[in-house]
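Structural overview for review
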Number of protein chains: 2
Amino acid sequence: MGLSESMKVLADPVRRQIIEKLKTGPQTAGEIANSFELTNATVSYHLKLLKQAGFISEMKDKNFIYYSLNSTVFEDILTWIYQVGGKKNGQAD
Amino acid sequence: MGLSESMKVLADPVRRQIIEKLKTGPQTAGEIANSFELTNATVSYHLKLLKQAGFISEMKDKNFIYYSLNSTVFEDILTWIYQVGGKKNGQAD
DNA sequence: AATCTATTTAGAAATATATCTAAATAGATT
DNA sequence: AATCTATTTAGATATATTTCTAAATAGATT
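Residues numbered from 1 in each chain as written. Chains lettered and ligands numbered in written order. Predicted model: local features only at pLDDT ≥ 70, side-chain atom pairs only at ≥ 80, totals over all residues. Heavy atoms only, no water.

1. Describing the pattern of salt bridges
A side chain of one charge can pair with a side chain of the opposite charge if their charged atoms are brought near each other. Stated formally: Whenever Lys or Arg places a side-chain nitrogen within 4 Å of a carboxyl oxygen from Asp or Glu, that contact is recorded as a salt bridge.
Counted by the stated rule, this structure contains two salt bridges over all chains. Note that A:Glu58 and A:Lys51 form a salt bridge whose closest N and O atoms lie 2.7 Å from each other.

Dropping the structure here:
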């Protein structure tokens, strides 16, 4: 789970939208899939990549799978960008 | 220059290494290329993508082209990650 | 147990990406 | 002007990615 993998995962707009959607709380694969014009299979593929990279986790309940955000994992990326030259927003540099 | 493009550009390890190399100051395409086991043509291709995404700029002098880092452009990415769940502010955690 | 529901996996096709070699460009030097 | 040097562009190829449809799995309900 290196930086390349994390960034490659975040580089896709569908996956970023999934992450944004999960900000409002855990959701089932089906709920997530319904908000895209993509098949469930395709969304499942994206969920798998997000899970592998550690951005989301899953929790089974009945025959639903709830996905939720793992915000801690974004930190490696933040650290790298800081090192390399970002300063950003509202923060002293 | 959307977020997808920026992140896709940063997702490649060669391009991140180029960025890291440029942290020490402007360098010619040749100098950059020499530090990789890749042809000049390949490195030139990566420099083009980095330039298109706004991460680096070029400055011509004689028949050399110096490339240098544009650190400001990392901010969109930082902003997105913050929104989505990072905490982090450059201090160790 | 049979079936229904939610989701994933497998396989295929289209598109995108990274790399190479060879050729082209553009400026500097002789 | 001829040539050398630094770099990019073009074209080709191999690999990776995204998407689909169809089939498989696993748990819940009847």
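2. Some details on the protein's contact with DNA strand D
Test applied: Whether a residue is near a molecule or strand depends on its heavy atoms: if one lies within 4 Å, it is near. Under this definition, polar contacts are N or O atom pairs within 3.5 Å; protein pairs additionally need one hydrogen-donor-capable and one acceptor-capable atom, and for neighbouring residues in sequence, both atoms have to be side-chain atoms.
Taken together, 23 residues are adjacent to DNA strand D, and A:Thr42, A:Tyr45, A:His46, B:Gly30 and B:Tyr67 come closest. The contact atoms of DNA strand D, taken as those within 4 Å of the protein, divide so that sugar and phosphate hold 73%. Here a phosphate oxygen of DNA strand D sits 2.8 Å away from a polar atom, N or O, in the side chain of A:Tyr45. At a separation of 2.8 Å, a phosphate oxygen of DNA strand D approaches a polar side-chain atom of B:Ser44.

3. Topic: the protein's contact with DNA strand C
For clarity, the threshold we go by: For the purposes of this entry, the term helix denotes a DSSP run of H or I that reaches at least four residues, the term strand denotes a run of E that reaches at least two, and both are numbered from the N terminus. When residue character is reported, Ala, Val, Leu, Ile, Met, Phe, Trp, Tyr, Cys and Pro are called nonpolar, Asp, Glu, Lys and Arg charged, and the others, Gly included, polar.
Close contacts around DNA strand C come from 24 residues, with A:Gly30, A:Tyr67, B:Thr42, B:Tyr45 and B:His46 the closest. Atoms of DNA strand C within 4 Å of the protein belong to the sugar or the phosphate in 71% of instances, the rest to bases. Measuring from a base oxygen of DNA strand C, one finds a side-chain N or O atom of A:Asn63 at 3.1 Å. Here a phosphate oxygen of DNA strand C and a side-chain polar atom of B:Thr42 are 2.7 Å apart. Elements that contribute at least two residues to the surface near DNA strand C include exactly helix H3 (29–34), helix H4 (40–52) and strand E3 (64–69) of chain A together with helix H4 (40–52) of chain B. With five residues, H4(B) is the single largest residue contributor to the surface near DNA strand C. Its residues assigned to classes, the surface near DNA strand C comprises nine nonpolar, nine polar and six charged.

4. Structural notes on the interface of chain B and chain A
Reports of interface size often rely on the accessible area that becomes lost once the parts have come together. Here is the rule: Contact between two residues is taken to exist if any of their heavy atoms lie within 4.5 Å; hydrogens are not considered. Once two parts are joined, some of their accessible surface, as seen by a 1.4 Å probe, is lost; buried area is that loss totalled over both.
At the junction of the two partners, chain B supplies 30 residues and chain A supplies 30 residues. With both sides pooled, the region where chain B packs onto chain A buries about 2700 Å², and carbon together with sulfur makes up 67% of that total. Linking chain B with chain A are zero salt bridges, by the criterion used here. Seen at the junction of chain B and chain A, the total is eight residue pairs in polar contact (both at pLDDT 80 or more).

5. Some points on the nonpolar core
Where we set the bar: In these notes, a set of buried Ala, Val, Leu, Ile, Met, Phe, Trp, Tyr and Cys residues joined through side-chain atoms within 4.5 Å is what counts as a nonpolar core. Any residue under 20% of the maximum accessible area for its type is buried, any over 50% is exposed, and the rest in between are partly exposed; the area is computed with a 1.4 Å probe on protein chains only.
Grouped together as the largest cluster of nonpolar side chains are 55 residues, with contacts concentrated most on A:Phe55 and B:Phe55. When near neighbours in sequence (up to four residues on either side) are disregarded, B:Phe55 contacts B:Ser6, B:Val9, B:Leu10, B:Ile19, B:Leu50, B:Ser68, B:Leu69, B:Asn70, B:Val73, B:Phe74 and B:Ile77.

6. Side note on the packing of aromatic side chains
So the rule is basically this: Here a Phe, Tyr or Trp ring, Trp counted by its six-membered ring, pairs with any other such ring whose centre lies within 6.5 Å, and the pair is stacked when the planes are under 30 degrees apart, edge-to-face when over 60, and tilted otherwise. Only when the NZ of Lys or the CZ of Arg is both within 6 Å of the ring centre and within 35 degrees of the ring normal is a charge said to sit over the ring.
Within the structure shown, the criterion is met by four aromatic pairs over all chains. Considering the side-chain rings of A:Phe55 and A:Phe74, the 5.0 Å spacing of their centres and the 45 degrees angle between planes classify their relative orientation as tilted. One end of the pair, A:Phe55, is in the loop between H4 and strand E2 (56–61); the other, A:Phe74, is in the loop between E3 and helix H5 (75–84), with 19 residues separating them in the sequence. When its relative accessible area of 0% is taken as the criterion, A:Phe74 is described as buried. Counting every residue linked through ring pairs, the aromatic cluster contains A:Phe55, A:Phe74 and B:Trp80. When the ring centre of A:Trp80 is taken as origin, the NZ or CZ atom of B:Arg16, which lies over that ring, is 6.0 Å away.

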